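Here is how the chains run, residue by residue.
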Amino acid sequence: MGRPCRLAHGTGEGASRQPDLIYIDLHLVHEVTSPQAFDGLRLNGRTVRRPDLTIATEDHNVPTIDIDKPIADPISRIQVETLRRNCEEFGIRLHPMGDAEQGIVHIIGPQLGLTQPGMTVVCGDSHTSTHGAFGALAMGIGTSEVEHVLATQALPLRPFKTMEVNVDGQLPPGVSAKDIILAVIAKIGTGGGQGHVIEYRGSAIESKPERAPAWWRLTKPRSNFCAGVRTRRRAPTGMRRLRRGLNCVLTRALNSTPRSTSTPRL
C-alpha cells in the first residue's frame, strides 16, 4: 500500500482486471443528474456518507439574467428547487444562484481551491475530466453511480488502460489547446481513447503561450471525451510525473497494472 503508484494504475488487482472500489475525494453535484440518486437513497433508507466531501451547485438549468426572479421554464425550475430540497435534507453544501461561489460545476472545484493534485474527483457531468488539468483523476459518472458515491463515497472501477501523448515542438501563432486536441482526435479517432486515461506531455504542452489564460490548461482535458476517453490528466506544474502512494485512496490492496505501450506522437 505504501509504494508509489500512478493514479491511473490505482484500480484493479494486477492482471485480473476485476472492478475495485476507489475512494472519492471530491463529489460535485448539480440539479440534472442528482434527483433520481437522492430518491434512491430515500427508498433504501440511506444517508450521504460524506457530505463534507460533497459540493453542489446550480448550473445546468439556470438563467444568466434576472437570477433574482423565479426561473421561467417550469422543468428547469423544478430541478433547481429539487436540488435545494435534497441538499437541505441530506446536509450537503450548496452554492445556489446569487451565491458568490456559484458557477459551472466543473469549474468551481479549481476556482474554489477544492481540486488538488492526486485527488479523485467525480461528477454527473461529462466535462468532469477538466480537473485532470490539475493532476487529479477525474471523470464523469452516471446517475446510478452518483447514488453509489453519495451512499458509499466509493466507486467500482475496472483498471484503466493508459496512453501517453507527446506533443513536441513550438506551436505557430494562432494555434490553441483546442487545435492540439482536434489533431489528437484526428489521429486516434473519435473512439480511440475508450477506456483510457490520457496524459499529455512534451515541449508544446509544457511551454504554453506567454500570458495564456486558464482555458489553455483546462481545454485539453475537457475536450477528451470527444475521443471516448474516460479521463485525462496533466502533470501539475513543476512535476513531470505525479507520484502518490494512494495509501488513503483505495479500499483494497493495489497492484500496479502494466503500462500501455501506445504512445502517439504528434
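Counting restarts for each chain, with residues numbered from 1 along the sequence as it is written. At least 70 in pLDDT is required for a residue's local features to be given in this predicted model, at least 80 for side-chain atom pairs to be given and counted, and no such filter applies to totals for whole chains, interfaces and linings, which use all residues. Excluded from the side-chain calculations are hydrogens and water; all other atoms, namely the structure's heavy atoms, are used.

**A closer look at helix α2 (residues 74-90)**
The secondary structure listing takes helices from DSSP runs of H or I that are at least 4 residues long and strands from runs of E that are at least 2 residues long, numbered from the N terminus. In this scheme, a helix's expected span is set at 1.5 Å multiplied by one less than its residue total. Between its first and last C-alpha, α2 extends 24 Å over 17 residues, near the 24 Å set by a 1.5 Å rise per residue. Burial classes: relative accessible area under 20% of the type maximum marks a residue as buried, over 50% as exposed, and values in between as partly exposed (1.4 Å probe, protein chains only). Within α2 the residues assigned to the buried category are Ser76, Val80, Thr82, Leu83, Asn86, Cys87 and Phe90. Down the axis, α2 shows its buried residues gathered within 160° of arc, on one side only. When the buried face of α2 is taken as reference, the exposed residues oriented beyond 90 degrees from it are Ile78, Arg85 and Glu88. In this analysis, two residues are considered to be in contact whenever any of their non-hydrogen atoms come within 4.5 Å of each other. Looking at the buried positions of α2, the neighbouring elements they touch are β2 (26-29), α1 (35-43), β3 (54-57) and β4 (93-95). Two or three places before Ile75, at the opening of α2, Asp73 has a side-chain oxygen 3.3 Å from that residue's backbone nitrogen. As used here, the arc belongs to the directions running from the helix axis to the C-beta atoms. By the criterion applied in these results, polar contacts are pairs of N or O atoms within 3.5 Å in which, for protein atoms, one can donate a hydrogen and the other can accept it, and in which residues neighboring in sequence qualify only through two side-chain atoms.

**A look at unusual backbone geometry**
The phi torsion of most residues other than glycine is negative, and most of the peptide bonds are trans. In the Ramachandran plot, Asp66 falls in the positive-phi region, its phi being about 55° despite a non-glycine side chain. Locating Asp66 in the fold gives a position in the loop between β3 and α2. Its identity is not glycine, yet Gln153 carries a phi of approximately 60°, on the positive side. Within the secondary structure, Gln153 is located in the loop between α4 (143-152) and β7 (154-157). Taking relative accessible area as the criterion, Gln153 reaches 0% and is therefore assigned buried.

**Concerning the pattern of salt bridges**
We define a salt bridge as a contact between a side-chain nitrogen of Lys or Arg and a carboxyl oxygen of Asp or Glu at a distance within 4 Å. This model, assessed by the stated rule, comprises six salt bridges. The closest approach of N and O atoms between Arg50 and Asp52, which form a salt bridge, is 2.6 Å. Notably, a salt bridge pairs Arg93 with Glu101, separated by 3.6 Å at the nearest N-O pair. By relative accessible area, which is 35% here, Arg93 ends up partly exposed. Beyond isolated ion pairs, a larger network of salt bridges with shared partners links Asp39, Arg42 and Glu89.

Purely spatial values, then, with no claim about function.
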